[in-house]
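# Report on the structure
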Amino acid sequence: MADAIKFIHAADFHLDQPIRGLTELPAHLRNRLANAPYDAASKVFDLAVAERVDFVLLSGDLFDIESGSARAYAFLLSEFERLAEKSIHIYWCGGEFDFPDRWPSSVALPDNVITFSSSIIDEIEHRRDGKRICAIFASGYDCNRDSLVDFDGSESDTFNIGMTYGQFQPSHLTGSNIHYWALGGIHKAKTLERTDTIGVYPGTPQGRRVQESGAHGFKLCRVDGKGKLRVQTVETDSVRFIPQKISISENVVLKSLKETLTERGMKLVSDCPQQLVLTRWYLATEGEFNPRIRKVEWAAELLEWLRDEFGRGEDGVWSTDVKVEAPKSLPSTWYEEDTILGEYMRAVARYQSDDSLKLNLHQYMPQTVKGDAMANVGYVSRDNRDAILRKTGMMGIEYLAAHKEVAEATSTEIDLGIEIE
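This structure is a prediction, so every number in the text was calculated from the model and none was measured. Throughout, residues of each chain are indexed from 1 in the direction in which the sequence is written. Confidence filtering applies because this is a predicted model: local features only for residues at pLDDT of at least 70, side-chain atom pairs given and counted only at 80 or more, and all residues used for totals across whole chains, interfaces and linings. Water and hydrogen atoms play no part in the side-chain values, which are based on all heavy atoms of the structure.

## Quick notes on the packing of aromatic side chains
Pairing of aromatic rings covers Phe, Tyr and the six-membered ring of Trp, with a centre-to-centre limit of 6.5 Å; geometry is then stacked below 30 degrees between planes, edge-to-face above 60, and tilted otherwise. Under the definition given, this model contains 15 aromatic pairs. Considering the side-chain rings of tyrosine 38 and phenylalanine 75, the 5.3 Å spacing of their centres and the 85 degrees angle between planes classify their relative orientation as edge-to-face. Remark: phenylalanine 75 occurs in helix α2 (residues 70-85) and tyrosine 38 occurs in helix α1 (residues 30-51); sequence separation between them is 37 residues. Ring centres of tyrosine 91 and phenylalanine 116 lie 6.5 Å apart, and the angle between their planes is 40 degrees; this geometry places the pair in the tilted category. On the criterion of sequence distance, the pair formed by tyrosine 91 in strand β3 (residues 89-93) and phenylalanine 116 in strand β4 (residues 113-116) is long-range, its members being 25 residues apart. Relative accessibility thresholds used throughout: buried, under 20% of the residue-type maximum; exposed, over 50%; partly exposed, between the two (1.4 Å probe, protein chains only). For tyrosine 91, a relative accessible area of 2% puts it in the buried group. Given the relative accessible area of 3%, phenylalanine 116 is considered buried. Every helix listed is a DSSP run of H or I at least four residues long, and every strand listed is a run of E at least two residues long, numbered separately from the N terminus.

Quick look at the structure:
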């Protein structure tokens, strides 16, 4: 293993998949959001050229070949040809949506692009100046593949790479003499470790929704002359989801809350100077329930203020939502009231304390629905029961207790401890 090797491993471009989770699309951010998947993918090929890598591994789901846009086809062809001009090979195994054998025959791929089907495991020797420096054992996505034992590098005395797409665990990395597993199919970067080998999901270069929060990118891998591997994460996302959770008092002073949010917003801007940050703010409360901070107008005013402060440029922080979480306690006197609110709270509490009381939702369904597949909607599992009762209780309380007012705390009474998620 005298030859050093340098390669890039990327996956899950999903070029035509838009940014999700926005209730509205601000005009000044439309181009930034629409171009984000392409901007992120471009950085993969930019670095391949800048670093003069030996090759690029693409582990599936670059785009949906069957419904892909002309832009996606043109983008990949252009980037593939750019690498061809630099004599950089591309090894591409198909994922769930981009089987390379479905690429239209009328559009020829450049000669530097080698693709792999899902029916067999191919072995490719990568050579530099005619000398073999690496072996790649690759196969596209196969929904029936639950083992990687057939990826066999036992007869190869070079650095060996296994490449495929799917959901795997460390126990699946059983292929013989495979040093690096180039995997695709998981959008958040993940590493699988096993003795004498490593499995890597680089994640998608651009997150699309709040569940894909944090930085995204790809992997730049270096193998030294002794066969030692070093894997570096390269960030590429131009739009980044970073939810924020802040603890406040139920009777918080709006002015003081804005000061806390300003500090947090400024830190997000400082930490992510090259990204547009999409943030959902979660306000976790302490103290007895306060209807005032759960009014639609209160959250709307706070959201508009956040957008004015941090979100009117193409960079910065765009606040997608403000959510006030359920309180940890409710005034005990409310349970004793001879009112609709009191009766409602006692009914919910009765169901919460007695599991034998069934939630019979079928009685509220139309007769025509009860016998078909939609009837499953009325079934409540034991696991979901508590969550449903909490949400149901809060929904009723927010309506029935809307008339109750709780005064704002004085500046010496509020608790603004910050808890970042």
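## With respect to the side chain of aspartate 61
Along the chain, aspartate 61 turns up in the loop between β2 (55-58) and α2. Residues scored as charged are limited to Lys and Arg (positive) and Asp and Glu (negative), so that His and the chain ends carry no count. Every case where a carboxyl oxygen of Asp or Glu lies within 4 Å of a side-chain nitrogen of Lys or Arg is listed as a salt bridge. No salt bridge is formed by the buried aspartate 61, whose closest oppositely charged neighbour, arginine 102, lies at an N-O distance of 9.3 Å. Look past the residues within four positions of aspartate 61 in its chain and what remains in contact with it is Asp12, Phe13, His14, Gly95, Glu96, Phe97, Asp98 and Tyr165. We call two residues in contact whenever any of their non-hydrogen atoms come within 4.5 Å of each other.

## A few points about the pattern of salt bridges
All told, the structure shown has 21 salt bridges when counted by the stated rule. The salt bridge partner of aspartate 46 is arginine 82, with a shortest N-O separation of 2.7 Å. On the criterion of sequence distance, the pair formed by aspartate 46 in helix α1 and arginine 82 in helix α2 is long-range, its members being 36 residues apart. Residues glutamate 125 and arginine 132 are paired through a salt bridge, measuring 2.5 Å at the closest nitrogen-oxygen approach. A relative accessible area of 35% places glutamate 125 in the partly exposed class.

## Side note on α2
With 16 residues, α2 extends 23 Å from end C-alpha to end C-alpha; this agrees with the ideal 22 Å at 1.5 Å per step. Of all the positions in α2, only Ala72, Tyr73, Phe75, Leu76, Leu77, Glu79, Phe80 and Leu83 are classed as buried. Buried positions along α2 lie against α1, β2, β3 and β4. Where α2 terminates, the next one or two residues include serine 87, which has phi positive at roughly 60 degrees. One fewer than the residue count of a helix, multiplied by 1.5 Å, yields its expected span.

## Some details on helix α3 (residues 254-271)
The end-to-end C-alpha distance of α3 is 26 Å, a good match for the 26 Å that 18 residues give at a rise of 1.5 Å each. For α3, the set of buried residues is Leu254, Ser256, Leu257, Thr260, Leu261, Arg264, Gly265 and Leu268. Its buried side turned inward, α3 meets β14 (244-249), β15 (276-286), α4 (296-310) and β16 (316-324).

## Here we look at the sheet that holds β3
The strand order across the open sheet built from six strands is β4-β3-β2-β1-β11-β12, with neighbouring strands paired in mixed fashion. Each end of this open sheet is capped by a strand with a single partner; those strands are β4 and β12 (229-235). Taken pair by pair, the neighbouring strands of this sheet meet at an average axis angle of 20 degrees, ignoring direction. Two strands pair when backbone bridges link them, and strand β1 (residues 5-10) and β2 are joined in this way by four bridges, in the parallel orientation. Directly across from isoleucine 8, in β2, lies its bridge partner valine 56. Two strands qualify as a pair provided that DSSP identifies no fewer than 2 bridges between them. For every element, the axis is a line fit to its C-alpha atoms; helices are fit only across the contacting stretch, and the angle between N-to-C directions ranges from 0 to 180 degrees.

## Describing the packing of α1 against α2
Across the interface, α1 lies against α2 with an axial gap of 10 Å and an inter-helix angle of 10 degrees. In terms of orientation, α1 lies roughly parallel with respect to α2. Contacts from Ala34, Asn35, Tyr38, Ala41, Ser42, Phe45, Asp46, Ala48 and Val49 of α1 reach α2 at Arg71, Ala72, Phe75, Glu79, Phe80, Arg82 and Leu83. Under the convention adopted here, Pro, Cys and the residues Ala, Val, Leu, Ile, Met, Phe, Trp and Tyr are nonpolar, Asp, Glu, Lys and Arg are charged, and Gly plus all remaining residues are polar. By residue class, the composition of the contact of α1 with α2 is 10 nonpolar, two polar and four charged. Each angle receives one of four descriptions, namely roughly parallel if under 35 degrees, roughly antiparallel if over 145, roughly perpendicular if within 65 to 115, and oblique otherwise.

## A closer look at the nonpolar core
For our purposes a nonpolar core is just a set of buried Ala, Val, Leu, Ile, Met, Phe, Trp, Tyr and Cys residues, chained together by side-chain atoms within 4.5 Å. Among the nonpolar cores identified, the biggest contains 30 residues, and Phe13, Leu15, Val56, Leu58, Phe63, Leu76 and Phe80 are the most heavily contacted of them. No other element matches α2, which puts seven residues into this core. Not counting chain neighbours up to four residues away, the residues in contact with phenylalanine 80 comprise Phe45, Leu58, Leu62, Ile90, Trp92, Leu109, Pro110, Asn112 and Val113. Of all hydrophobic cores here, the second largest spans 21 residues; its members include Leu254, Leu261, Val277 and Leu283.

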